[in-house]
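Listed here are the chains, written in short residue letters.
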Amino acid sequence: MPGPVARDGGELDGFRIGYLPSDVGDLVSDFASEWEGVTFATRVWERQVEDGHRVDLRVHVLRGDRLGTLAELRDFLAEYHERDPADWALSDFQHVEGPGLIGAVEAFWLFATGVAVNVLTGPEA
């Protein structure tokens, strides 16, 4: 029996989402928003479950002057995602596009001054 087939996530605000885990839902929505001077282009993958929908994966492309360094990006995302910076367990990693941080359900990196990517999975992933 063949294994699951990897899918491509398409392009989002100039970034290619080249790989999606095989268990990510097929319902896809795009959103544009702004918060505290930072614009978001967001793509969400979800699935229908018995009592509604469950988000499997979110990708945000962020653009704003507040995102000058990886530390500034971390501070912004801690505020945006309502995380306690003291308790947010993150490790450094080097993404092909730039320096980043990775945690239990998220990864983010600074592509260039003022441009970043934030990827979040559901807690079940």
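Residues numbered from 1 in each chain as written. Predicted model: local features only at pLDDT ≥ 70, side-chain atom pairs only at ≥ 80, totals over all residues. Heavy atoms only, no water.

Draft legend 1. Structural view of the environment of valine 44. Within the element layout of this structure, valine 44 appears in strand E4 (residues 38-49). The exposure class assigned to valine 44 is buried, which follows from its relative accessible area of 9%. Distance from valine 44 to aspartate 30, taken between C-alpha atoms, is 6.4 Å for residues 14 residues apart in sequence. Setting aside anything within four residues of it in sequence, one finds valine 44 in contact with Leu27, Val28, Ser29, Phe31, Val55, Leu57 and Arg58. (Helix = DSSP H or I, 4+ residues; strand = E, 2+ residues; numbered from the N terminus. Buried < 20%, exposed > 50% of the residue type's maximum accessible area, 1.4 Å probe, protein only. Contact = heavy atoms within 4.5 Å.)

Draft legend 2. Seen up close, the pairing of strand E5 (residues 52-63). Pairing between E4 and E5: eleven bridges, direction antiparallel. Looking at the pairing, alanine 41 lines up with valine 61 of E5. In sequence, E4 turns back onto E5 through a hairpin of two residues. (Pairing = 2+ DSSP bridges.)

Draft legend 3. Structural view of the pairing of strand E9 (residues 115-121). Summarising burial for E9: five of the seven residues are buried, a large majority. Pairing of strand E8 (residues 106-112) with E9 involves six bridges; the strand directions are antiparallel. Note on E9: the bridge partner recorded for leucine 110 is alanine 116. Counted between consecutive antiparallel strands, the loop separating E8 from E9 contains two residues, among which glycine 114 sits at a positive phi close to 85 degrees.

Draft legend 4. Region of the structure containing the packing of aromatic side chains. Summed over the entire model, instances satisfying the criterion amount to eight aromatic pairs. Taken together, the ring pairs in this structure connect Trp35, Phe40, Phe76 and Tyr80 into an aromatic cluster. (Phe/Tyr/Trp six-rings, centres within 6.5 Å; stacked < 30°, edge-to-face > 60°.)

Draft legend 5. Seen up close, the nonpolar core. Judged by nonpolar contacts, the single largest core of 15 residues is most densely connected at Leu62, Leu67, Leu73, Phe76, Leu77 and Phe108. Those elements that place two or more of their residues in this core are E4, helix H1 (70-80) and E8. Tallying contributions element by element places H1 first for this core, with five residues. Apart from the residues lying within four places of it in its own chain, the contact partners of leucine 67 are Val38, Leu62, Glu72, Leu73, Phe76, Leu110, Ala112, Thr113, Gly114, Val115 and Ala116. Core analysis: the next-biggest nonpolar cluster, separate from the first, contains 13 residues, Leu12, Ala41, Val59 and Trp109 among them. (Core = buried A, V, L, I, M, F, W, Y, C linked by side-chain atoms within 4.5 Å.)

Draft legend 6. A look at the sheet that holds strand E3 (residues 27-35). Strand order in the open sheet formed by seven strands is E3-E4-E5-E9-E8-E7-E6, with antiparallel pairing between adjacent strands. At either margin of the open sheet sits one strand with a lone partner, and together these are E3 and strand E6 (91-95). Taking each pair of neighbouring strands and ignoring which way they run, the sheet shows an average axis angle of 20 degrees. In terms of strand pairing, E3 meets E4 through nine bridges, oriented antiparallel. (Axes fitted to C-alpha atoms, helices over the stretch in contact; angles between N-to-C directions.)

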